[in-house]
Amino acid sequence: MVTINGEKREDCEGLSVTEMLKREGYETSRIAIEINGVIISKKEFNETLLHSGDSIEVVSFVGGG
C-alpha cells in the first residue's frame with residue numbers, strides 16, 4: 001500500500017511515477033513529486049517505481065495573481 005497526498009492506495013504499487021500520474025489524472029507539466037521526503041526530478045518519473053510503504057506528495061502549480 002502506498003500513500004498519495006495522505007490517501008492510502010493499494011492499486012498503485014509497482015507503477016512508475018508517470019503511470020500513477022496518468023491514472024490519477026495529473027498534468028505532468030505543472031507538478032512536483034516528493035517520495036518519502038525526497039523530491040523526484042521529471043526525468044526520473046519513468047524509471048521510479050512505487051513500492052509498498054511509500055509516501056508520495058503531488059504538488060500542482062497553479063498560476064494566478
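A. Spatial organisation of the sheet that holds strand β1 (residues 2–4). Sheet architecture is open: 5 strands sit in the order β2-β1-β5-β3-β4, paired in mixed fashion. Where the open sheet ends on each side, the last strands, each with one partner, are β2 (7–9) and β4 (38–40). Strand-to-strand twist across the sheet, computed as the mean angle between neighbouring axes with direction ignored, equals 30 degrees. Looking at chain direction, strand β3 (residues 31–35) and strand β5 (residues 55–60) are connected through 5 bridges and run antiparallel. Bridge pairing in β5 places Ala 32 opposite Val 59. Lying over the sheet, helix α1 (residues 17–24) contacts β1, β2, β3 and β5, oriented at roughly 125 degrees with respect to β3.

B. Structural context of the side chain of Thr 48. As for its position among the elements, Thr 48 is in the loop between β4 and β5. Separated by 2.7 Å, the side chain of Thr 48 and the backbone oxygen of Glu 44 make a polar contact. With sequence-adjacent residues up to four places away left out, Thr 48 is seen in contact with Leu 15, Ser 16, Val 17, Ile 35 and Ile 40.

C. Representation of the nonpolar core within the structure. Ranked by size, the top nonpolar core spans 15 residues in total, and within it Met 20, Leu 21, Ile 33, Leu 50, Ile 56 and Val 58 carry the most contacts. Listing elements by their share of this core, those giving two or more residues are β1, α1, β3 and β5. When near neighbours in sequence (up to four residues on either side) are disregarded, Leu 21 contacts Tyr 26, Thr 28, Ile 31, Ile 33, Phe 45 and Val 58.

D. Representation of unusual backbone geometry. The phi dihedral of Asn 5 is positive, around 50 degrees, even though this residue is not glycine. As for its position among the elements, Asn 5 is in the loop between β1 and β2. A relative accessible area of 34% means that Asn 5 is categorised as partly exposed. Unlike most non-glycine residues, Asn 36 shows phi in positive territory, near 50 degrees. Take Asn 36: it is sitting in the loop between β3 and β4. Residue class for Asn 36 comes out partly exposed when judged on its relative accessible area of 47%.

Rules behind the numbers
Residues numbered from 1 in each chain as written. Predicted model: local features only at pLDDT ≥ 70, side-chain atom pairs only at ≥ 80, totals over all residues. Heavy atoms only, no water. Pairing = 2+ DSSP bridges. Helix = DSSP H or I, 4+ residues; strand = E, 2+ residues; numbered from the N terminus. Axes fitted to C-alpha atoms, helices over the stretch in contact; angles between N-to-C directions. Contact = heavy atoms within 4.5 Å. Polar contact = N/O pair within 3.5 Å; in protein donor to acceptor, adjacent residues only side chain to side chain. Core = buried A, V, L, I, M, F, W, Y, C linked by side-chain atoms within 4.5 Å. Buried < 20%, exposed > 50% of the residue type's maximum accessible area, 1.4 Å probe, protein only.

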